[in-house]
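Reading the structure
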Amino acid sequence: MNKRHILIATDSYNGKLATANGICVQHIAEEFLKHDYNVDVLCYRHKNEKSYEETKKIRLYRIRVNLVHYFRFAYESGQNRLIREISKLLMVTLNRIQTLICIHWFPMRAPFFSRRYAREMKKLYKKNNYGMIISSYCPFEAAYAGWRTKKEFGATVCLYSLDSLSNFSGNKFFLTEESQKEKGRRWEKVFFDAYDCVLQMKCHQVYYEGDVYNKYKNKFKYVDFPHITDHQKENKHYNNYLLMYVGSIRTSYFTQVIDLLEPFISDKYLLEIYGGNTSADLGIERSKLMKINLSLKGRVDHDKLIQIEEEAGCFLSMGNYGSSSNFVPSKIFEYISTGKKMIHFYKNPNDSCLPYLKNYKACCLVNVDDNKDKSIKIIEDFLKSEVGIIPSEEIKKVYLVNTPEYTYSIINEYLNKTYDISMT
């Protein structure tokens, strides 16, 4: 019997520039591989990468990106400060021009790139006759391509909605928040009508269980970030004095976090920050940076980052500030997978991370608006505490829906109902 064959479409899949969504897709792709599927991935092509290669028995088909993504990659991965700043300026300028020109079709901002992505997907489908195509959102291009492939060939398609097209807060790109949501809902109708199955994130479940989406309730399945994996090692030697933060610095209260950590990182603790951040992104005066043990480590391959995380004694995370934001940073689940200590700083009492982290007994929750001296004492006691590494088996019991196996089982259940039909 032939192996089942699937295609998963995303943006930056692996390497230094892998996105949070791309890492989610990687976990799912590797889970399907464990269950004897043939797995292809359609993703972005970065500088010096091949259009096609096989890695971990997964076939990667990479598509050349447009100029906005090209300058974004140059900004996020560059070493020269001037080139990075120029790249960022060009990225932002081109993105705004594209948005203004295509404002009627927002959040589509690159119609030619979307069509090129769709052409590549349709070419692969014609060649391989996949049992299912799983398109992640973001990027928009992958969701668009899945819709077009379904429309032209009747392919079985699943929308892996890692972000929401309409459930977000904040206004940008010349549009009010409500206008953006309305345009997002228009695309949702197009996609939800066409896709056979739609995986929504649990953080958006209340929103998508609203009456306006009653028509699609039979299509919706709720999953969560699939980052609870077993990458603990028997050799549990690590540096108690190494604090680690992974990801972009986007919160408006990072300076408050540093104020609380200063007594520790001015002494024997070291804070390493991994991601595409510059000293300017931190919002901290240079004179202060000179006095603390803070090191910007830049971007590294995700597989290498997993190895680096084995050395950390404690991880740091920061919650979202927007009062209506349901977004959950996926990296908190990667931290949880290690079973190690974590300090989570938050400002919003309705922070979407809190329900998850309250169930993680190795986590210390710190509201940055609480009394400063009291919070510093809480952090000190926590860092000194003898909190052992939580075993993977215990973590998986608590966070079952955050394992790749859980999302795989949801998709596989649907495939079991349709695959035999598609092969006849």
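A short tour of the structure in this document, coming up. Each chain has its residues counted from 1, following the order in which its sequence is written. Only residues with pLDDT of at least 70 are given local features in this predicted model, and only at 80 or more are side-chain atom pairs given and counted; all residues enter the totals for whole chains, interfaces and linings. Derived side-chain values reflect all non-hydrogen atoms in the structure, with water molecules and hydrogen atoms excluded from consideration.

A short note on the layout of surface pockets
The condition is simple: Both cavities and pockets are sets of points on a 1 Å grid over the protein atoms alone; in a cavity a 1.4 Å probe fits but cannot get out, in a pocket the set is open with protein on both sides within 12 Å along at least five of seven lines, and lining residues sit with an atom within 4 Å of a point. Grid points are joined across faces, edges and corners, and a volume is the space filled by probe spheres set on the points. Put simply, DSSP marks the helices as runs of H or I at least four residues long and the strands as runs of E at least two long, and each gets a number from the N terminus on. Residue type decides the class: Asp, Glu, Lys and Arg count as charged, Ala, Val, Leu, Ile, Met, Phe, Trp, Tyr, Cys and Pro as nonpolar, and the leftover types, Gly among them, as polar.
Estimated volume of the second largest pocket: approximately 690 Å³. Taken together, 26 residues form the lining of the second largest pocket, with L17, H46, K47, N48 and E49 sitting closest to its centre. Listed by contribution, the elements that provide at least two residues to the lining of the second largest pocket are α1 (20-34), β3 (52-55), β4 (58-64), α2 (67-77) and α11 (302-309). Sort the elements by how many residues they give to the lining of the second largest pocket and α2 lands first, with 4 residues. Here the lining of the second largest pocket is built from residues that sort into 6 nonpolar, 9 polar and 11 charged.

With respect to the sheet that holds β4
Which entries qualify depends on this criterion: Think of it this way: DSSP has to see at least two bridges between two strands before they count as a pair. Angles shown run from 0 to 180 degrees and are taken between the N-to-C directions of axes, each axis being a line fitted to C-alpha atoms and, for helices, limited to the stretch in contact.
As summarised here, the arrangement of the 8 strands in space is β3-β4-β2-β1-β5-β6-β7-β8, forming an open sheet in which the pairing is mixed. Across the chains shown, the open sheet's two edge strands, defined by having one partner strand only, are β3 and β8 (220-223). Going from strand to strand, the sheet's axes swing by 25 degrees on average, the running direction of each strand aside. Across 4 bridges, the pairing between strand β6 (residues 157-161) and strand β7 (residues 197-201) is parallel. If you follow S161 over to β7, its bridge partner there is Q200.

Quick word on the packing of helix α5 (residues 140-153) against helix α6 (residues 177-194)
In a packed pair of helices, the relevant descriptors are the angle between the two axes and the axis-to-axis distance. How we decide: The labels follow the angle: roughly parallel below 35 degrees, roughly antiparallel above 145, roughly perpendicular from 65 to 115, and oblique for the rest. Put simply, a crossing is left-handed when the front helix is turned counterclockwise from the back one by less than a right angle, and right-handed when it is turned clockwise. Contacts are assigned to residue pairs that have any heavy atoms within 4.5 Å of one another.
As a packed pair, α5 and α6 sit with axes 10 Å apart at the nearest point and diverge in direction by 45 degrees. Accordingly, the angle class assigned to the pair α5 and α6 is oblique. Considering only the axes of α5 and α6, their crossing is left-handed. Contacts between α5 and α6 involve F140, A143, Y144, W147 and K150 from the former and W187, V190, F191 and A194 from the latter. Looking at the contact of α5 with α6, its residues break down into 8 nonpolar, no polar and 1 charged.

With respect to empty space enclosed by the protein
Counted according to the given criterion, the structure contains 2 cavities of 30 Å³ or more. In this structure, the largest cavity occupies an estimated 50 Å³ of space. Together, Y238, N240, G313, G339, K340, K341, V387, G388 and I389 line the largest cavity. Of the residues that constitute the lining of the largest cavity, the class distribution is 3 nonpolar, 4 polar and 2 charged. Lining of the second largest cavity is provided by Y245, F254, V257, L261, L271, L316, M318 and F345. Of all the secondary-structure elements, those providing two or more residues to the lining of the second largest cavity are α8 (254-265) and β12 (314-318). Per-element accounting of the lining of the second largest cavity gives the leading share, 3 residues, to α8. Residue classes in the lining of the second largest cavity are distributed as 8 nonpolar, no polar and no charged.

What to know about the pattern of salt bridges
For the record, the criterion: Think of a salt bridge as a Lys or Arg side-chain nitrogen and an Asp or Glu carboxyl oxygen that are within 4 Å of each other. Throughout, exposure labels follow a simple rule: accessible area from a 1.4 Å probe, protein chains only, divided by the maximum for the residue type, with under 20% read as buried, over 50% as exposed, and the rest as partly exposed.
Scanning all chains against the criterion turns up 20 salt bridges. D369 is the salt-bridge partner of K347, the closest N and O atoms lying 3.0 Å from each other. With K347 in the loop between β13 (341-346) and α13 (354-357) and D369 in the loop between β14 (363-367) and α14 (372-384), this pair connects stretches of sequence that are 22 residues apart. Looking at K347, the relative accessible area reads 16%, which means it is buried. A single network of salt bridges, built from pairs that share partners, joins E30, K56 and D303.

As for the nonpolar core
Going by this rule: As used here, the term nonpolar core means buried Ala, Val, Leu, Ile, Met, Phe, Trp, Tyr and Cys residues forming a set that is joined through side-chain atoms within 4.5 Å.
Within the largest apolar cluster, 85 residues are counted, with the highest numbers of intra-cluster contacts made by F32, L271, I343 and F345. With 7 residues, α8 is the largest single contributor of residues to this core. Excluding residues that lie within four positions of it along the chain, I343 makes contacts with C314, F315, L316, S317, C364, V366, I379, F382 and L383. Residues L17, A110, L165 and V198 belong to the second largest nonpolar core, which totals 41 residues.

What to know about the state of the cysteines
Put simply, the rule is: By disulfide we mean two sulfur atoms from cysteines, separated by a distance within 2.5 Å.
Scanning the model with the defined rule gives 0 disulfides in all. C24 provides the cysteine sulfur closest to C138, a residue in no disulfide bond, and the two sulfurs are 12 Å apart. Residue C138 is classed as partly exposed on the basis of its relative accessible area, which comes to 26%.

Considerations on the sheet that holds β14
Pairing is parallel in the open sheet, where 6 strands are placed in the order β11-β10-β9-β12-β13-β14. Of all strands in the sheet, those with a lone pairing partner are β11 (294-298) and β14, marking the two edges. With direction set aside, neighbouring strand axes in the sheet form an average angle of 25 degrees. Pairing between strand β9 (residues 242-246) and strand β10 (residues 270-274): 5 bridges, direction parallel. Bridging from a neighbouring strand, V246 pairs with Y274 of β10. Each of β9, β12, β13 and β14 is contacted by α14, which is oriented at about 165 degrees to β13, the strand it contacts most.

What about the environment of S12?
Spelled out, the test is: Within 3.5 Å is the distance limit for a polar contact, defined as a pair of N or O atoms, with the added protein rule that one can donate a hydrogen and the other accept it, and that residues adjacent in sequence qualify only through two side-chain atoms.
Relative to the helices and strands, S12 is located in the loop between β1 (5-9) and α1. Classification of S12 as buried rests on a relative accessible area of 0%. Spatially, the C-alpha atoms of S12 and R45 are 7.6 Å apart, while their sequence positions differ by 33 residues. Discounting chain neighbours no more than four positions away, the residues touching S12 are L17, A18, T19, G22, Y44, H46 and F73. A polar contact is formed between the side chain of S12 and the side chain of H46, at a distance of 3.1 Å.

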